[in-house]
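Chain by chain, the residues:
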Amino acid sequence: MIKVNNLISIVVPVYNESESIKLLINEIFYVMDSHKLQFELIIVNDGSVDNTINVLENLSKKIKQLIVINLRKNYGQTAALAAGFDNSNGEIIVTLDGDLQNDPNDIPNLITKINEGYDLICGWRFERKDKLINRRIPSKIANRLIGKVTGIFLHDYGCSLKAFKREIIKDIKLYGELHRFLPVLANIEGAKIKETKVNHRKRKYGYSKYGIDRTFRVLMDLLTVWFMNKFLTRPMYVFGFIGIISIISSFIISSYLIVLKFLGENIGNRPLLMFALILGIAGVQLFSFGLLGELLMRTYHESQNRPIYRVRNIIQNTNN
Ligand code: UDP
Ligand code: MG
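Everything numeric in this text was worked out from a predicted model, so none of it was measured.

(A) Structural context of the coordination of the magnesium ion (ligand 2). The coordination sphere of the magnesium ion (ligand 2), as far as protein atoms go, consists of Asp99 (OD) and Gln101 (OE1), spread over 1.9 to 2.0 Å. Taking the relative accessible area as the measure of exposure, Gln101 reaches 9% and is therefore buried.

(B) Seen up close, the pattern of salt bridges. Taken as a whole and assessed by the stated rule, the structure comprises 13 salt bridges. Here Glu17 makes a salt bridge to Arg203, at a shortest N to O gap of 3.0 Å. Note that Glu17 is positioned in the loop between β1 (8-14) and α1 (18-34) and Arg203 in the loop between β7 (193-198) and α8 (214-231), a separation of 186 residues in sequence. Exposure remark for Glu17: the relative accessible area of 6% places this residue in the buried category. In this structure, Asp119 and Lys165 form a salt bridge, with 3.8 Å as the shortest nitrogen-oxygen distance.

(C) Fine view of unusual backbone geometry. You will see that Lys36, though not glycine, has its phi angle at about 55 degrees, which is positive. Examined against the element boundaries, Lys36 turns out to sit in the loop between α1 and β2 (39-45). By relative accessible area, Lys36 is classed as exposed at 67%. The phi angle at Leu100 is positive, at roughly 70 degrees, despite the residue not being glycine. Positionally, Leu100 belongs in the loop between β4 (92-95) and α4 (107-115). By relative accessible area, which is 10% here, Leu100 ends up buried.

About the thresholds
Residues numbered from 1 in each chain as written. Chains lettered and ligands numbered in written order. Predicted model: local features only at pLDDT ≥ 70, side-chain atom pairs only at ≥ 80, totals over all residues. Heavy atoms only, no water. Donors = N, O, S within 2.8 Å, 3.2 Å for Na, K, Ca; no water. Buried < 20%, exposed > 50% of the residue type's maximum accessible area, 1.4 Å probe, protein only. Salt bridge = Lys/Arg side-chain N within 4 Å of Asp/Glu carboxyl O. Helix = DSSP H or I, 4+ residues; strand = E, 2+ residues; numbered from the N terminus.

Shown next as structure tokens:
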């Protein structure tokens, strides 16, 4: 028996999942009730164009713990998750997909692990039920690459089933499609992270919202995250350093050319002169970039929080 006094928030982003959503809600209630876990279920409707919102509205009339956040349009999974996080009250936040591919039976185990003192528990779909060529292979490569670049080796960055402590979530700002990099962002905030094997099921209803093109976006996001992980708080270290090296090299080459000039040589048509000029200009620019970066970084950290989504309405049954 798991002992938790604190509320658990379960956050599920959904986009066109009208067939799965009712079954998923039933499964979640069954699991949470049988483990006597106190929870709220936050379903974020990410601008679905099918019947999803009607199904959710009807269910919310009957179910007290269900909170439906209805976004104005389709913002993507990351923004939908962020909306769920911002509207949650629990001390522990569990995320999973709305397509029944994640198994709610894994939730109690995740919570036990969080109570062992971790800030983030990541699911690992060790027997993944997705297509090999366009899913499992690119994902395997991506997981390796992300591990190498960020230093945080996880088997399965793409698994949505995760559990977070609230303190960690409230410090993380999500943009683009960065939800895949939540463990890296959590690590930037100093989180204690562990992964645990979870069940994975085939998609029975609806269709996957992503194609192979997401690989490219993951690579771009990886660059952003790498930069944030390494240099967010010290842009001057990168740009300033390269800038200074460049300026010094330019100075040395120019001095050499000036000496040659005084010795009577014609330096006007030497490629080296061009090189010194470019190094000098590039150096000054890089150095200024570094300074600007420092200013931007301060604004980034100190400016007020602006959400990346707009909520149309929040549906919740307030009758007892
Ligand atoms: N999703 C969303 N907004 C989107 C795309 C997806 O809220 O723009 C939700 C989707 O309904 C599902 C989860 O994000 O609950 C994961 O999407 P999907 O199952 O299509 O991804 P896959 O499992 O194929 O990687
Ligand atoms: Mg899925």
